[in-house]
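Given next are the chains, with one letter for each unit.
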Amino acid sequence: MRYAPINITTSGDNTIVASISFRMIRVLSYVLTTDTAMTVTWKSGSTNLSGAMNMPANTSLVIPFGPITPMGLVGSLQTNFDEALIINTDTNGNLTGHISYIEVAV
């Protein structure tokens, strides 16, 4: 399992995990905290993985680990092969937190 911090201050696309050759990035859990009202969208490269999530100022969003199955860890979302994991925000402000993820091979 791997971990990555989230420290975003500018609007637009912000890479959380760079693309990994022949791999998908499966997010197992995440925490987001913002001090500014904003809309957050998870993306795989240019493809949306989530809808636009409205976060009021001074709030947090916590998504815990999913179940473990015979096929492995169930994640919250997953990129396409060879694509970066991105968070897009619609406004400048502090979006902080962290993710836990695994790399899934082809």
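Residues numbered from 1 in each chain as written. Predicted model: local features only at pLDDT ≥ 70, side-chain atom pairs only at ≥ 80, totals over all residues. Heavy atoms only, no water.

Enquirer: So what about the nonpolar core? Which residues, and what values?
Expert: Counting residues in each nonpolar core, the largest one holds 20 residues, and the members touching the most others are Ile16, Val17, Leu32, Trp42, Leu85, Ile87 and Ile99. Elements with a minimum of two residues in this core: β1 (2-8), β2 (12-17), β3 (23-34), β4 (38-44), β11 (85-89) and β12 (95-105). Ranked by residue count, the leading element in this core is β3, at four residues. Leaving out residues up to four positions away in the same chain, Ile87 has contacts with Ile6, Ile8, Gly12, Asp13, Asn14, Ile16, Leu32, Val40, Thr41, Trp42 and Leu95. (Core = buried A, V, L, I, M, F, W, Y, C linked by side-chain atoms within 4.5 Å. Buried < 20%, exposed > 50% of the residue type's maximum accessible area, 1.4 Å probe, protein only. Helix = DSSP H or I, 4+ residues; strand = E, 2+ residues; numbered from the N terminus. Contact = heavy atoms within 4.5 Å.)

Enquirer: Describe the pattern of salt bridges, with residues and values.
Expert: Using the criterion set out here, one finds three salt bridges in the structure. The residue Lys43 makes a salt bridge to Asp13 at a minimum N-O spacing of 3.1 Å. Taken together, the residues Lys43 in strand β4 and Asp13 in strand β2 connect sequence positions 30 residues apart. Looking at Lys43, the relative accessible area reads 11%, which means it is buried. Linked by salt bridges that have partners in common, Arg2, Arg23 and Glu103 make up one network. (Salt bridge = Lys/Arg side-chain N within 4 Å of Asp/Glu carboxyl O.)

Enquirer: How would you explain unusual backbone geometry if you had to name every residue and give the values?
Expert: Generally, phi is negative for residues other than glycine and the peptide bonds are trans, each holding for most cases. A positive phi angle, close to 60 degrees, is found at Phe22, a residue other than glycine. Along the chain, Phe22 turns up in the loop between β2 and β3. With a phi close to 60 degrees, Asp82 is a non-glycine residue in the positive phi region. Within the secondary structure, Asp82 is located in the loop between β10 (77-78) and β11.

Enquirer: Please provide a residue-by-residue account of the side chain of Thr41, values included.
Expert: Position of Thr41 among the secondary structure elements: in strand β4. Discounting chain neighbours no more than four positions away, the residues touching Thr41 are Asn48, Ser50, Gly51, Ala52, Ile86, Ile87 and Asn88.

Enquirer: I'd like a rundown of the environment of Gly93, residues and numbers included.
Expert: Locating Gly93 in the fold gives a position in the loop between β11 and β12. For the pair formed by Gly93 and Ser11, sequence separation is 82 residues and the distance between their alpha carbons is 7.6 Å. Aside from chain neighbours lying at most four places away, what touches Gly93 is Ile8, Thr9, Thr10, Asp35, Thr36 and Met38.

Enquirer: Please set out the environment of Thr59 residue by residue, giving values where relevant.
Expert: Among the secondary structure elements, Thr59 is positioned in strand β7 (residues 59-63). Residue Thr59 is classed as partly exposed on the basis of its relative accessible area, which comes to 24%. Along the chain, Thr59 and Ala105 lie 46 residues apart, while their C-alpha atoms are 35 Å from each other. Excluding residues that lie within four positions of it along the chain, Thr59 makes contacts with Leu32, Thr33 and Thr34.

Enquirer: Lay out the side chain of Thr39 in plain terms, naming residues and giving numbers.
Expert: By the element assignment, Thr39 lies in strand β4. For Thr39, a relative accessible area of 17% corresponds to the buried category. Side-chain polar atoms of Thr39 contact the side chain of Asn54, separated by 2.9 Å. Not counting residues up to four positions away in its chain, the partners in contact with Thr39 are Ala52, Met53, Asn54, Asn88, Thr89 and Asp90. (Polar contact = N/O pair within 3.5 Å; in protein donor to acceptor, adjacent residues only side chain to side chain.)

Purely geometric numbers; function is a separate question.
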